[in-house]
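Survey of secondary and tertiary structure
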Amino acid sequence: MAAGRPVITAALALVAGFVGAALFAWSGLGGHRAGQAGAAGIREYLLTHPEVLPEAMAVLQQRELRARLAPLRGEYETPYPGAVLGNPQGTITLVEFSDYACGFCRSSLPDVQRLIAANPDLRVVVREYPILTPESADAARMALAAAQQGRYAAFHAAMFAAGRPTAETIAAAARQAGVDLDRARAAIALGQFDAQLQGNAQLAQALGLTGTPSWIVGDEALTGAVGAERIGQAIAAARNS
């Protein structure tokens, strides 16, 4: 996925906006003198206040983000059955795109746990998004197998505690979580979870997410180990919207 695409789009939109304003000013619709004054005024303002450019770009990026989120909300907020942390019936939904080989995802787990403890109405939908290593995908499939058996939260915590995913750490985390390994491996061998992983990857691309962990709550999307306080602010905004 192209990390710079939203920024480029926003920059182009920003430039187009200023160009459009200048063209309007020069078009004669407001009079020739008014057009000259308007174009000069725009140029002078931008040269005097260049700090408004990143601010304007941020506003445009947020509008672009909301336009991407809205039509897909029902899809990304609908979890794979059982792949939920916190309150499954919660009225506030936090979506996390996560990879078990991601150190920032691992370090964010305590933040998620604190947020769940502080927000009884919080439902955390985890979308397995294994992009770092082949073993990431193996761990993701085992996580979905654990969800199928009602052991998702236990496996999620045990897998991150086990360190980087390997055949050994995945099996150990599954056993610790109480997963029936024979049943899980049979489901994995049948490819029962492949469509879910492919769908998560397509969702991430459609949403413009560029890495893990990525978070969505309400009208906000965040990327990286941004901390419980920042995610909590987004949760509060979603609750009050």
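This write-up is about the structure you can find in this document. Since we're looking at a predicted model, the values are computed, not measured.

Comments concerning the nonpolar core
Formed by 46 residues in total, the largest nonpolar core has its most connected members in Tyr-100, Met-142, Tyr-152 and Phe-155. In terms of residues, this core owes the most to one element, helix α5 (residues 134–148), which gives 8 residues. If near-sequence neighbours (up to four positions away) are discounted, Tyr-100 is found in contact with Arg-106, Glu-128, Ala-139, Ala-140, Ala-143, Tyr-152, Phe-155, His-156, Met-159, Phe-160, Gly-163 and Pro-165.

Re the pattern of salt bridges
All chains considered together, the criterion is met by 7 salt bridges. Of the charged contacts, one joins Arg-230 and Glu-220 as a salt bridge, the two residues approaching to 2.5 Å between their closest N and O atoms. Of this pair, Arg-230 sits in helix α10 (residues 228–240) while Glu-220 sits in strand β5 (residues 220–223); the two residues are 10 residues apart in sequence, bridging distant segments of the chain. A residue is classified by how much of its surface remains accessible, and Glu-220, at 21% relative accessible area, is partly exposed. In this structure, a network of salt bridges that share partners links the residues Arg-73, Glu-77 and Asp-219.

Observations concerning the packing of aromatic side chains
In the structure shown here, the tally under the stated rule is 4 aromatic pairs. Arranged with centres 6.1 Å apart and planes meeting at 75°, the rings of Tyr-80 and Phe-193 form a pair that is edge-to-face. Here the residue Tyr-80 occupies a position in the loop between α3 (52–76) and β1 (84–86), and Phe-193 occupies one in the loop between α8 (181–189) and α9 (194–207), the gap between them amounting to 113 residues. Side by side, Tyr-80 and Phe-193 carry an identical accessibility label, which is buried. Between Tyr-100 and Phe-160, the ring centres sit 4.9 Å apart and the planes meet at 50°, which makes this aromatic pair tilted. With Tyr-100 in the loop between β2 (92–98) and α4 (103–118) and Phe-160 in helix α6 (residues 152–161), this pair connects stretches of sequence that are 60 residues apart. Looking at Phe-160, the relative accessible area reads 4%, which means it is buried. By way of ring pairs, the aromatic residues Tyr-100, Phe-155 and Phe-160 are connected into one cluster.

Quick look at the environment of Arg-127
For Arg-127, the location among the structural elements is in strand β3 (residues 122–128). Judged by relative accessible area, Arg-127 falls into the buried class, the value being 5%. Along the backbone, Arg-127 and Val-84 are 43 residues apart, and their C-alpha atoms lie at a distance of 9.1 Å. Setting aside its immediate chain neighbours within four residues, Arg-127 contacts Glu-75, Tyr-76, Thr-78, Pro-79, Val-95, Glu-96, Phe-97, Ser-98, Gln-196, Asn-200 and Leu-203. At a separation of 3.0 Å, a polar atom in the side chain of Arg-127 contacts the main-chain carbonyl oxygen of Tyr-76.

Let's talk about unusual backbone geometry
Glycine aside, residues mostly have negative phi, and peptide bonds are mostly found in the trans state. Cis geometry is adopted by the peptide bond preceding Pro-213, which originates at Thr-212 and carries an omega value of -10°. Looking at the secondary structure, you find Pro-213 in the loop between α9 and β4 (214–217).

Describing the packing of α5 against α6
Between α5 and α6, the least distance of the axes is 7 Å, while the angle of their chain directions is 150°. Judged on the interaxial angle alone, α6 and α5 are roughly antiparallel. Residue-level contacts link Ala-139, Met-142, Ala-143, Ala-146 and Ala-147 of α5 to Tyr-152, Phe-155 and Met-159 of α6. Each residue belonging to the contact of α5 with α6 can be placed in one class, and the counts come to 8 nonpolar, no polar and no charged.

Details of the environment of Ala-177
Among the secondary structure elements, Ala-177 is positioned in helix α7 (residues 167–177). Along the backbone, Ala-177 and Arg-151 are 26 residues apart, and their C-alpha atoms lie at a distance of 6.3 Å. Beyond its immediate stretch of four places on either side in the chain, Ala-177 contacts Arg-151, Ala-154 and Phe-155.

Observations regarding the pairing of β2
Most of β2 is tucked away: 7 of the 7 residues are buried. Alternating residues of β2 divide into Ile-92, Leu-94, Glu-96 and Ser-98 and Thr-93, Val-95 and Phe-97, and every residue in both groups is buried. Taken together, the 7 bridges between β2 and β3 define a ladder with parallel strand orientation. Each bridged residue has a counterpart across the sheet, and for Ser-98 the counterpart in β3 is Glu-128. Handedness of the crossover is the feature at issue here: the chain leaves β2, passes through α4, returns alongside β3, and the resulting connection is right-handed. Bridge count for β2 against β4 is 4 bridges, and the pairing is antiparallel. Across the sheet, residue Glu-96 finds its bridge partner in β4, namely Trp-215.

About the cut-offs
- Residue indices follow the written sequence of each chain, beginning from 1 at its first position.
- In keeping with the model being predicted, local features are shown solely for residues with a pLDDT of at least 70 and side-chain atom pairs are shown and tallied solely at 80 or more, while totals for entire chains, interfaces and linings include all residues.
- In computing side-chain properties, one takes all heavy atoms of the structure into account and sets aside hydrogens as well as water.
- In this description, a nonpolar core means a group of buried Ala, Val, Leu, Ile, Met, Phe, Trp, Tyr and Cys residues linked to one another through side-chain atoms lying within 4.5 Å.
- Only protein chains enter the accessibility calculation, which uses a 1.4 Å probe; a residue whose area is less than 20% of its type maximum is buried, one above 50% is exposed, and one in between is partly exposed.
- For helices the rule is a DSSP run of H or I covering at least 4 residues; for strands it is a run of E covering at least 2, with both sets numbered from the N terminus onward.
- The contact rule is simple, with two residues in contact once any of their heavy atoms fall within 4.5 Å.
- The rule for a salt bridge is simple: a side-chain nitrogen of Lys or Arg has to be within 4 Å of a carboxyl oxygen of Asp or Glu.
- Between rings of Phe, Tyr and Trp, where Trp is taken as its six-membered ring, a pair exists when centres lie within 6.5 Å; planes separated by under 30 degrees are stacked, by over 60 edge-to-face, and by other angles tilted.
- We define a polar contact as two N or O atoms separated by no more than 3.5 Å, with the added condition that, inside protein, one atom must be a possible hydrogen donor and the other a possible acceptor, whereas residues neighbouring each other in sequence contribute only through side-chain atom pairs.
- Axis lines are fitted to C-alpha atoms, over the contacting stretch for helices. Their N-to-C directions set the angle, which ranges from 0 to 180 degrees.
- The cut-offs work like this: below 35 degrees is roughly parallel, past 145 is roughly antiparallel, 65 to 115 is roughly perpendicular, and the gaps in between are oblique.
- By the convention adopted, Pro, Cys, Tyr, Trp, Phe, Met, Ile, Leu, Val and Ala count as nonpolar, Lys, Arg, Asp and Glu as charged, and the other residues, Gly among them, as polar.
- Strand pairing follows a simple DSSP-based rule, namely that at least 2 bridges must link the two strands.
- For a crossover, the right-handed case is the one in which the path from the first strand over the helix to the second runs clockwise, viewed with the strands pointing away from the viewer.

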